[in-house]
There are 2 protein chains.
Amino acid sequence: MPPAGDAQETRRRLVEAAYREFAAHGVAGARVDRVAATAGVNKALIYFHFGNKEGLFTAVFEMIVNQALAEAPFDATKLPEYAGRIFDVGEANPEALRLVTWHRLERAADQPPPQAVIAANQSKVEAIAKAQAAGQVTARYTAAEILALVLSIANMWTVMSPEMHLAAPTDPAARRALVVDAVATLVRP
Amino acid sequence: MPPAGDAQETRRRLVEAAYREFAAHGVAGARVDRVAATAGVNKALIYFHFGNKEGLFTAVFEMIVNQALAEAPFDATKLPEYAGRIFDVGEANPEALRLVTWHRLERAADQPPPQAVIAANQSKVEAIAKAQAAGQVTARYTAAEILALVLSIANMWTVMSPEMHLAAPTDPAARRALVVDAVATLVRP
């Protein structure tokens, strides 16, 4: 076994290479030997570190979730600004949302959803409920509905079809302004 | 060559079988022989009628677009109701939006977007612009931005991740009510 520092570096390089492979080809289409070649490590180390391709995907997915949580800290009293930051994260990492979408399409119905995401959503819903009780956010919708609306609008451009992009403005500043303004309009008390 | 009526029935059965195959496996993962077997026709007829797998996909995609246009007629002066109908179409045909999403992920950058969709979007944008000029729809956003918002919100539940579905209400009537109300709030003059 290589020393611990090397092992960590190997994991990091594999997750990085897998991120691009999964975003481009999905989980079913991803090839483990291509990931190993891109990372410049022996394919056997993928199985050593992650068990199998699904384990490698889980590691990539957790990296994306943690990155989004770090780059867009949640503030239930500033939902328009939060939506703007989520938009920024999506613009800076278009591959991340592609990868999450592949995951949604490919995941078997019997696979449990990632616990990290469930816990993050639950704490956001609770924070929104508090802001509603304090009169800072509209009580017209439930807290969970508000979170669903905010995330859907924040990611609306990133998940949009190329056909729709042809009809709609392509200026990133205008896209961002629309996200922030629409969320502000919907969550106003 | 079989008589014309038979050819039409063969095409219909192939498109129907391909719809399920593409929705389940995406374009890359779809297998033409499985489509032929499900449709109960010789595989050679797929090439005869559609040229190749991409041609078969285009036929399926056009079927979905035409179905959505027929089931949710566009009325720029009744955008909340239109969003509700788009929601209904998505609920009734969950595979259709899966397929459109696969298409978005898999399509090569150099492939032209489907002309039918571009034309449909363009006429909707023009109708919204007229409704804005008549004071029936907010002028706060451009017509294309409004179309993008309406479609994003109408499809928000259909494209939502399973994690988010766990946090948000699962009652279809409540989901539909949110879509209609959010669009009404955003497009009000």
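The structure presented is a predicted model; accordingly, all values stated were derived computationally and were not measured. (Residues numbered from 1 in each chain as written. Chains lettered and ligands numbered in written order. Predicted model: local features only at pLDDT ≥ 70, side-chain atom pairs only at ≥ 80, totals over all residues.)

The subject of this paragraph is the overall build of chain A. Across its full length, chain A carries 10 helices and zero strands. Referenced to the eigenvectors of the C-alpha coordinate spread, the extents of chain A come out at roughly 60 × 40 × 35 Å. Looking at the 189 residues of chain A, the share that counts as buried comes to 36%. By sequence separation, contacts in chain A at least 24 residues apart represent 69% of the contacts at least 6 residues apart. (Helix = DSSP H or I, 4+ residues; strand = E, 2+ residues; numbered from the N terminus. Buried ≥ 20, exposed ≤ 12 C-beta atoms within 10 Å, placed from the backbone. Contact = placed C-beta atoms within 7 Å.)

A few words now on the interface of chain B and chain A. Contacts between the two partners involve 41 residues from chain B and, on the opposite side, 41 residues from chain A. Take the side of chain B that touches chain A: its biggest share by element is eight residues, from helix 8 (residues 143-154) of chain B. Of the residues contributing to the side of chain B that touches chain A, the split by class is 28 nonpolar, nine polar and four charged. (Nonpolar A, V, L, I, M, F, W, Y, C, P; charged D, E, K, R; others polar.)

This part is about the packing of helix 5 (residues 79-92) of chain A against helix 10 (residues 172-187) of chain A. All names here are of chain A. Between helix 5 and helix 10, the least distance of the axes is 8 Å, while the angle of their chain directions is 150 degrees. It follows from the interaxial angle that helix 5 and helix 10 lie roughly antiparallel. Viewed along their axes, helix 5 and helix 10 form a crossing whose handedness is right-handed. For the pair helix 5 and helix 10, contact is made by Leu79, Pro80, Ala83, Gly84, Phe87 and Glu91 and by Pro172, Arg176, Val179, Val180, Val183, Ala184 and Val187, respectively. Across the contact of helix 5 with helix 10, the residue classes tally to 10 nonpolar, one polar and two charged. (Axes fitted to C-alpha atoms, helices over the stretch in contact; angles between N-to-C directions. Parallel < 35°, antiparallel > 145°, perpendicular 65-115°, else oblique. Left-handed = near helix turned anticlockwise from the far one by under 90°.)

Before going further, it helps to spend a moment on the relation of the copies chain B and chain A. Superposing chain B onto chain A requires a rotation of 180 degrees together with a translation of 0.0 Å along the rotation axis, leaving an RMSD of 0.0 Å. The symmetry that links the two subunits is that of a two-fold axis. Comparing contact sets, 100% of the residues at the interface of chain B also lie at the interface in chain A, consistent with an isologous, same-surface contact. (Least-squares fit on C-alpha atoms with pLDDT ≥ 70 in both.)

Many descriptions give the size of an interface as the accessible area lost when the pieces come together. Residue and element names in this part refer to chain A. Here chain A is described as being made up of domain 1 (1-60) and domain 2 (72-189). The distance between the C-alpha centroids of domain 1 and domain 2 comes to 29 Å. On the side of domain 2, six residues touch domain 1, which itself brings eight residues to the contact. No other element matches the seven residues that helix 1 (residues 4-29) contributes to the side of domain 1 that touches domain 2. When grouped by side-chain class, the residues that make up the side of domain 1 that touches domain 2 number six nonpolar, one polar and one charged. (Domains from an automatic or database assignment.)

Moving on, we get to helix 7 (residues 115-133) of chain A. All names here are of chain A. Across its 19 residues, helix 7 extends 27 Å between first and last C-alpha, which sits within 8% of the 27 Å expected from 1.5 Å per residue. Taken as a whole, helix 7 has its buried residues at Val117, Asn121, Lys124, Val125, Ile128, Ala131 and Gln132. When helix 7 is viewed along its axis, its buried side chains cluster within an angular range of 120 degrees and face the same direction. Helix 7 presents Gln115, Ala119, Ser123, Glu126 and Ala133 as exposed residues on the side facing more than 90 degrees away from its buried surface. One or two steps after helix 7, the chain reaches Gly135, where phi turns positive at roughly 75 degrees. (Expected span 1.5 Å × (residues − 1). Arc of directions from axis to C-beta.)

All right, on to the nonpolar core then. Residues A:Ala83, A:Val150, B:Ala83 and B:Val150 are the most contacted members of the largest nonpolar core, which totals 64 residues. Aside from chain neighbours lying at most four places away, what touches B:Ala83 is B:Val150, B:Ile153, B:Ala154, B:Val179, B:Val180 and B:Val183. (Core = buried A, V, L, I, M, F, W, Y, C linked by C-beta atoms within 7 Å.)

All names here are of chain A. In this model, chain A carries an average pLDDT of 88, and 94% of its residues clear a pLDDT of 70 or more. Highest mean pLDDT in chain A belongs to helix 10 (96); lowest belongs to helix 9 (residues 162-167) (74). The complex prediction reports pTM at 0.86, with the ipTM value standing at 0.85. (pLDDT = per-residue confidence, 0-100.)

The next subject is the environment of A:Glu145. Checked against the element boundaries, A:Glu145 lands in helix 8 (residues 143-154). For the pair A:Glu145 and A:Val125, spaced 20 residues apart in sequence, the C-alpha to C-alpha distance is 8.9 Å.

Quick look at helix 5 (residues 79-92) of chain B now. Residue and element names in this part refer to chain B. Over its 14 residues, helix 5 runs 20 Å from end to end, which matches the ideal 20 Å to within 8%, given 1.5 Å per residue. Every buried residue of helix 5 is accounted for by Leu79, Tyr82, Ala83, Gly84, Ile86, Phe87, Val89 and Gly90. The inward-facing, buried residues of helix 5 contact helix 4 (53-71), helix 6 (94-106), helix 8 and helix 10 (172-187).

Residue and element names in this part refer to chain A. The N-to-C vectors of helix 8 and helix 10 enclose an angle of 165 degrees; their axes lie 9 Å apart at closest approach. Judged on the interaxial angle alone, helix 10 and helix 8 are roughly antiparallel. Between helix 8 and helix 10 lies a crossing whose hand is right-handed. Within the contact between the two elements, helix 8 uses Ile146, Leu149, Val150, Ile153 and Ala154 and helix 10 uses Val179, Ala182, Val183, Leu186 and Val187. For the contact of helix 8 with helix 10, the residue count by class is 10 nonpolar, no polar and no charged.

Moving on, we come to the environment of A:Val41. Residues and elements named next belong to chain A. Counting through the fold element by element, Val41 comes out in the loop between helix 2 (32-39) and helix 3 (44-50). Sequence separation between Val41 and Val137 is 96 residues, and the spatial gap between their C-alpha atoms is 50 Å. Each residue touching Val41, except ones within four places of it in the same chain, is listed here: Thr10, Arg13, Leu14 and Ala36.

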